[in-house]
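# An overview of the molecular structure
Next come the chains, spelled out residue by residue.
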Amino acid sequence: MSGILVAGVGNVFLGDDGFGVAVAGRLAERDLPAGVSVADFGIRGVHLAYELTGGGHDTAILIDAVARGGPPGTLYVLEPTPGEVSGPVLDAHDMTPETVLALAGALGGGTGRVLLVGCEPADLSPGMELSPPVAAAVGAAADLVADLVHQEMAAAPASAPSP
């Protein structure tokens, strides 16, 4: 494995659920270190699960709207465990990061370290606009993800020199 996957997830047609996609778009405009790939997975949870188990990344940073009871726009950094959620996967287009990780665990293969950068949503009703507090958090979330990328790169074991 090598590198870091930054994956924006969510449904851009459900208001604040498009948060992860918006942050991925912002990060795609930045100059990130070599070995970091930024992707908009949107509602393609099954595709993300396969990407996580493909062995191509040491770390994955998922970005999504995450309701935890805080004020809208609050950012969280969580470290979910692959396979910790059980139960059937019913809708491939409505998979939470936890459901994606459960599917990844069921598929086998290692996912590497997984971090979840979440934002407390205000409005998940149909519409393509982020609410004001969530829209205001997009830049801070992009900065937070960039900081996490640099921390992960610094913590990664150095490659052995070639003989």
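These numbers come from a predicted model, not from an experiment. (Residues numbered from 1 in each chain as written. Predicted model: local features only at pLDDT ≥ 70, side-chain atom pairs only at ≥ 80, totals over all residues. Heavy atoms only, no water.)

## Quick look at the pairing of strand S2 (residues 36-42)
Quick note on the threshold: Pairing between two strands requires that DSSP report at least two bridges joining them. A helix here means a DSSP run of H or I that spans at least four residues, while a strand means a run of E at least two residues long, and both kinds are numbered starting from the N terminus. Here, the term right-handed applies to a crossover whose path from the first strand over the helix to the second runs clockwise when the strands point away from the viewer.
Two strands pair when backbone bridges link them, and strand S1 (residues 4-9) and S2 are joined in this way by six bridges, in the parallel orientation. Bridging from a neighbouring strand, Ile4 pairs with Val36 of S2. In this fold, S1 hands off to helix H1 (residues 19-28), which returns the chain to S2; that crossover is right-handed.

## Topic: the pattern of salt bridges
What counts is decided by this rule: One side-chain nitrogen of Lys or Arg within 4 Å of one carboxyl oxygen of Asp or Glu is enough to make a salt bridge. Accessibility here uses a 1.4 Å probe with only protein chains present; expressed as a share of the type maximum, an area under 20% marks a residue as buried, one over 50% as exposed, and anything in between as partly exposed.
Within this structure, the stated rule accounts for three salt bridges. Here Asp143 makes a salt bridge to Arg30, at a shortest N to O gap of 2.4 Å. In this pair, Asp143 is assigned in helix H4 (residues 132-155) and Arg30 in the loop between H1 and S2, connecting sequence segments 113 residues apart. Classification of Arg30 as partly exposed rests on a relative accessible area of 32%. Residue Glu79 pairs with Arg113 through a salt bridge whose shortest N-O separation is 3.0 Å. Note that Glu79 is positioned in the loop between strand S4 (75-78) and helix H3 (97-107) and Arg113 in strand S5 (residues 113-119), a separation of 34 residues in sequence. The partly exposed category is assigned to Glu79, whose relative accessible area is 47%. The partly exposed category is assigned to Arg113, whose relative accessible area is 33%. Several salt bridges converge on common partners, so that one network encompasses Glu79, Arg113 and Glu152.

## What to know about the nonpolar core
Buried together is how nonpolar side chains tend to be arranged in soluble globular proteins. What counts, and what does not: Buried residues of nine kinds, namely Ala, Val, Leu, Ile, Met, Phe, Trp, Tyr and Cys, make up a nonpolar core once their side-chain atoms join them within 4.5 Å. Residues are treated as being in contact if the distance between any of their heavy atoms lies within 4.5 Å.
By size, the foremost hydrophobic cluster in this structure holds 21 residues, and its most contacted members are Val6, Phe19, Val23, Ile61 and Val145. Residue assignment for this core shows that the elements contributing at least two residues are S1, H1, strand S3 (59-65), S5 and H4. Tallying contributions element by element places H4 first for this core, with nine residues. When sequence neighbours within four positions are dropped, the list of residues in contact with Ile61 reads Ile4, Leu5, Val6, Ala7, Leu115, Val117, Val145, Leu148 and Val149.

## Considering the sheet that holds S3
Put simply, the rule is: Geometry is summarised by axes, namely lines fitted to C-alpha atoms with helices restricted to the contacting stretch, and by angles between N-to-C directions that run from 0 to 180 degrees.
Strand order across the open sheet formed by five strands is S2-S1-S3-S5-S4, with mixed pairing between neighbours. A single partner strand is all that each edge strand has here, and the edge strands are S2 and S4. Within the sheet, the average angular offset between the axes of one strand and its neighbour, ignoring direction, is 20°. With respect to the sheet, H1 is in contact with S1, S2, S3, S4 and S5, its orientation differing from that of S3 by roughly 130°.

## Things to note about the environment of Ala28
Along the chain, the position of Ala28 falls in helix H1. C-alpha separation for the pair Ala28 and Asp40, spaced 12 residues apart in sequence, amounts to 9.3 Å.

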